[in-house]
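Read off the chains here:
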Amino acid sequence: SDPLATIRDPDQIQRMYLISGRYKSVSAPVDADGQFTGPPKTFIVEPGDLTEVGENIGHAYLALEDCVFLNINTHAREADEYGKHTKPLPVRLIP
């Protein structure tokens, strides 16, 4: 399956709690121009894991199985304002 696009949240912290399934998580710090400033970190997320993505961290996920998770953010995310807080990056972390 295709991974989600690599994105960064300039002013949000996102936490994800995995209830079931497994996914690959890849993240790396980025600057204001969306350029990576450090090496990517890759790990497999298992049920019961809680992950956190901080501000200005490029991140992408690849489902290895069907997943059910809770996505918890520091600010409300209105669907029609998604682009205000989530910025796509020009390079994919998961090819």
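Everything below is about the structure printed above this text.
Residues numbered from 1 in each chain as written. Predicted model: local features only at pLDDT ≥ 70, side-chain atom pairs only at ≥ 80, totals over all residues. Heavy atoms only, no water.

S.K.: Would you mind going over the pattern of salt bridges with me for this structure?
M.R.: When their charged atoms lie close together, side chains carrying opposite charge are able to pair. Within the structure shown, the criterion is met by three salt bridges. R15 is paired through a salt bridge with E52; the nearest N and O atoms lie 2.8 Å apart. Separated by 37 residues along the polypeptide, R15 in strand β2 (residues 14-20) and E52 in strand β5 (residues 50-53) bring together distant segments of the chain. Note on R15: relative accessible area 31%, which makes it partly exposed. For E65, the salt bridge is made with R22, and the minimal N-O distance between the two is 3.8 Å. With E65 in the loop between β6 (57-63) and β7 (68-73) and R22 in the loop between β2 and β3 (23-29), this residue pair connects regions lying 43 residues apart in the sequence. For E65, a relative accessible area of 38% translates into the label partly exposed. Look at the salt bridges and you will find they share partners, linking R22, E46 and E65 into a network. (Salt bridge = Lys/Arg side-chain N within 4 Å of Asp/Glu carboxyl O. Helix = DSSP H or I, 4+ residues; strand = E, 2+ residues; numbered from the N terminus. Buried < 20%, exposed > 50% of the residue type's maximum accessible area, 1.4 Å probe, protein only.)

S.K.: How should I be thinking about the pairing of β2 in this particular structure?
M.R.: If a strand is regular, its side chains alternate between the two faces of the sheet. Of the pairings in the sheet, the one linking β2 to β5 comprises four bridges and is antiparallel in character. When the sheet's bridge partners are listed, R15 is paired in β5 with E52. (Pairing = 2+ DSSP bridges.)

S.K.: What should I look at first to understand the packing of aromatic side chains in this one?
M.R.: Centre-to-centre distance and the angle between the planes together describe a pair of aromatic rings. Going through the model one piece at a time under the given rule, you end up with one aromatic pair. Centroid distance Y23 to Y61: 5.2 Å. Interplanar angle 80 degrees. Geometry classified as edge-to-face. Of this pair, Y23 sits in strand β3 while Y61 sits in strand β6, placing them 38 residues apart in sequence. Taken individually, Y23 and Y61 each receive the classification buried, so the pair is uniform in this respect. (Phe/Tyr/Trp six-rings, centres within 6.5 Å; stacked < 30°, edge-to-face > 60°.)

S.K.: Is there a simple way to think about the layout of surface pockets in this case?
M.R.: Gaps left between atoms are located by rolling a probe of water-molecule size over the structure's atoms. Here the second largest pocket defines a volume of roughly 160 Å³. S25, S27, A28, P29, P39, K41, F43, T51, E52, V53, G54 and I57 together form the lining of the second largest pocket. Elements that contribute at least two residues to the lining of the second largest pocket include exactly β3, β4 (41-45) and β5. The biggest single contributor to the lining of the second largest pocket is β3, with four residues. By residue class, the composition of the lining of the second largest pocket is six nonpolar, four polar and two charged. (1 Å grid on protein atoms, 1.4 Å probe; cavity = no way out; pocket = protein on both sides within 12 Å on 5 of 7 lines; lining within 4 Å. Points joined across faces, edges and corners; volume = space filled by probe spheres on them. Nonpolar A, V, L, I, M, F, W, Y, C, P; charged D, E, K, R; others polar.)

Just distances and angles here, no functional claims.
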